[in-house]
Every structure is written in structure tokens, then in C-alpha cells.
Amino acid sequence: MSSHTDRPTPLDAAEVDIPAPGGGRLRAERRGTGGPVVLLHGAGMDARLWDAVVPELVRNHDVVRYDARGLGRSSLPDQPFDDVEDLRAVLDHFGLDRAALVGLSMGGETALDFALAHPGRVSALALVGASVSGHVWPQDPQSSAYDTARRQRDAAALAALELSIWAPLGRTAAGGELIEAMVADNAESRVKSEPFFAHFPDRDAESRLCDIAAPTLVIHGDQDHPEIAAIADRLVAGIPDAHGVVVPDADHYLPLRSPERLVELLLAHLA
């Protein structure tokens, strides 16, 4: 497994370890000036997901990104934790009373749950290939194998399935090498961390989309998992005045596959 100790740091970035609720730490980076934006990555990834997007965003925005609990360079949990509370801790640490949230996959789910719990702290939402709490995923052979690998804590199988299901454009497409590195780097820590992820049966953003008050942009790639497209349609239909965009030639790792188009969409939405 690759080490994160030699990961390059942008020259003007300020990196910190933020105390995580209940113990541990969250590795975060803050760059730029302007309206605050927090970037939230998906499961099995880390903040490098945004490497191709941050340099342009920081020209106009105060950008925070961090490694979710148990991933990247954040610490492994040893007790149940809540990604929504972790996000609140990051905002509080940086003194951000209000920020735009840009979340991919699990990060999009966290952003939605946070916006429902703390509506006054969210100025805008950009949901990229997002999942949503309360959604029931249909089962197919690939999804069943993926769930089995997670349940059995089989890091190697989970990493292989992550790439085949969620990064079908492969290594030769844009961002391919970094995607493979992130998945490999995080596979073992992911299977160790997921059993501690707190589950809230009553957390059901899908049934409360009409309560989302922040201006919302919903984005997904045309090569993403079909259920992500179905969720995107549900988000656009359910969130007041939400706008949906499909990005061509992009799978679930859209920020690395089509960074220029994503930056264009985000800058327009966050302006």
C-alpha cells in the first residue's frame, strides 16, 4: 500500500489536523480567498479527488477540502462516528458560519444531511454523482459482490470492484492513474473504518428533499452507475429549483475525468 507521507502539497495551502468529534483527527487543507466552499469526497477515496479542480476554484473562493474519517491521512476511528458531525467540526475549526458544500457520492449524501440538519450554515449545494440517505438501492450481481466484499472486509476484492463498477473508463482515461492510486491507498483503511460508521435509521434525506433551501446543482457523468442517474433525477425533481447537468465522457470519478467542465459549472453556480 502506498504511503501518503510524500503526497505533494500546493505551495499556498495551509494543512492542519482538526480534532474529530469523539477522538482522532481529520486532515484538512485550506486555500484561496472569497466565498467559502467545502469539498467532500466519496467512500474509498480521499481529498485528492479534487486535485484537478482546486487550482481553479481557489482563484475565486476560500476552498476547504479534507480526508473523511478513516481515509486518506485522517485517523482511523475506534468508535462510531458521524460524517455530518465531522463536517460541522471542520466548519467550526475554520470559523466558517456558512459555506457552499460540493459533495461527490458519499460526500453528497453528507452534504444533503448536513443541509437538512443545519440549513443556516449552507449557502449552496453542488451534488456530484451523489448518493442520498434513505434511498434503497436495487440489487444486481455487481452490487451484491460489492456488498459482500465490504461485509467480509476483503480489501483486495473491494478495490477491484470499486474500479470496475465506479471507474469503468479505466486507467487510460483522464485521472486514471490517480484514481487507481487512491483506491489502492484507501482499500485497507476503508474496510477497517466502515464498521464504525454510525447508522441513523431515521436519517432519510430522500423523503425530505422539499425542505432543502440552498440553491442546488445536481451533476453526474453519463458513464456513471445507472442508479446514480436515477438518484440525480430524484434530486432534481424533489429539491426546489434544483438544476441538473449530465457531463459527457465521465464516470463516478467526474472531478478527475472532466475537471474543466466541472469547474465551469461550479463557478457559475457559486457566483
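Use the structure listed above.
Rules used throughout
Residues numbered from 1 in each chain as written. Predicted model: local features only at pLDDT ≥ 70, side-chain atom pairs only at ≥ 80, totals over all residues. Heavy atoms only, no water. Pairing = 2+ DSSP bridges. Helix = DSSP H or I, 4+ residues; strand = E, 2+ residues; numbered from the N terminus. Axes fitted to C-alpha atoms, helices over the stretch in contact; angles between N-to-C directions. Buried < 20%, exposed > 50% of the residue type's maximum accessible area, 1.4 Å probe, protein only. Phe/Tyr/Trp six-rings, centres within 6.5 Å; stacked < 30°, edge-to-face > 60°. Parallel < 35°, antiparallel > 145°, perpendicular 65-115°, else oblique. Contact = heavy atoms within 4.5 Å. Nonpolar A, V, L, I, M, F, W, Y, C, P; charged D, E, K, R; others polar. Salt bridge = Lys/Arg side-chain N within 4 Å of Asp/Glu carboxyl O.

Caption draft 1: Looking closely at the sheet that holds strand β6 (residues 122–128). If you walk across this open sheet you meet the 8 strands as β1-β2-β4-β3-β5-β6-β7-β8, and the pairing is mixed. Where the open sheet ends on each side, the last strands, each with one partner, are β1 (14–19) and β8 (243–247). Averaged over all adjacent pairs, the angle separating strand axes in this sheet is 20°, with direction ignored. Direction of pairing for strand β5 (residues 99–104) relative to β6: parallel, over a ladder of 6 bridges. Bridging from a neighbouring strand, Ala 99 pairs with Val 122 of β6.

Caption draft 2: Highlighting the pairing of strand β3 (residues 35–40). Pairing geometry for β3 and strand β4 (residues 61–66), over 5 bridges, is parallel. From the neighbouring strand, Val 38 faces β4, where its bridge partner is Val 64. The pairing of β3 with β5 spans 4 bridges and is classified as parallel. From the neighbouring strand, Leu 39 faces β5, where its bridge partner is Val 102.

Caption draft 3: A look at unusual backbone geometry. We note that Asp 241 has phi near 65°; this positive angle belongs to a residue other than glycine. A relative accessible area of 78% places Asp 241 in the exposed class. Phi is positive for Asp 249, which is not a glycine, with a value near 60°. Mapped onto the fold, Asp 249 is located in the loop between β8 and α8 (254–257).

Caption draft 4: Just the packing of aromatic side chains, in detail. A full pass over the atoms with the stated rule returns 2 aromatic pairs. An angle of 90° between the planes, with centres 5.5 Å apart, marks the rings of Phe 81 and Phe 197 as edge-to-face. Taken together, the residues Phe 81 in the loop between β4 and α2 (83–93) and Phe 197 in the loop between α6 (176–193) and β7 (216–221) connect sequence positions 116 residues apart. Judged by its relative accessible area of 5%, Phe 81 falls in the buried class. For Phe 197, a relative accessible area of 24% translates into the label partly exposed. Between the aromatic rings of Trp 137 and Trp 166, the centroid separation amounts to 6.1 Å while the plane-to-plane angle is 75°, which identifies the pairing as edge-to-face. With Trp 137 in the loop between β6 and α4 (141–151) and Trp 166 in helix α5 (residues 155–166), the pair connects residues that are 29 residues apart, well separated along the chain.

Caption draft 5: Highlighting the packing of α2 against helix α3 (residues 106–117). Close contact between α2 and α3 brings their axes to 9 Å; oriented N to C, the two are set at 75°. Between α2 and α3, the interaxial angle falls into the category roughly perpendicular. Taken together, the residues of α3 that come into contact with α2 (itself represented by Asp 83, Val 84, Leu 87, Arg 88 and Leu 91) are Met 106, Thr 110, Asp 113 and Phe 114. Here the contact of α2 with α3 is built from residues that sort into 5 nonpolar, 1 polar and 3 charged.

Caption draft 6: Quick peek at the pairing of β1. Strand direction decides the pairing type here: β1 and strand β2 (residues 25–31), joined by 6 bridges, are antiparallel. Bridge pairing in β2 links Val 16 to Ala 28. Where β1 folds back on β2, the antiparallel hairpin that results is connected by 5 residues, among which Gly 22 adopts a positive phi of roughly 85°.

Caption draft 7: Region of interest: the pattern of salt bridges. A complete count under the given rule lists 23 salt bridges for this structure. Residue Arg 48 is joined to Asp 46 by a salt bridge in which the shortest nitrogen-to-oxygen separation is 2.8 Å. In this structure, Arg 48 and Asp 46 share a single accessibility class: buried. In this structure, Glu 177 engages Arg 171 in a salt bridge whose closest nitrogen and oxygen atoms are separated by 3.9 Å. For Glu 177, a relative accessible area of 54% puts it in the exposed group. When salt bridges with common partners are traced through the structure, they connect Glu 15, Asp 17, Arg 25, Arg 27 and Arg 73 into a single cluster.

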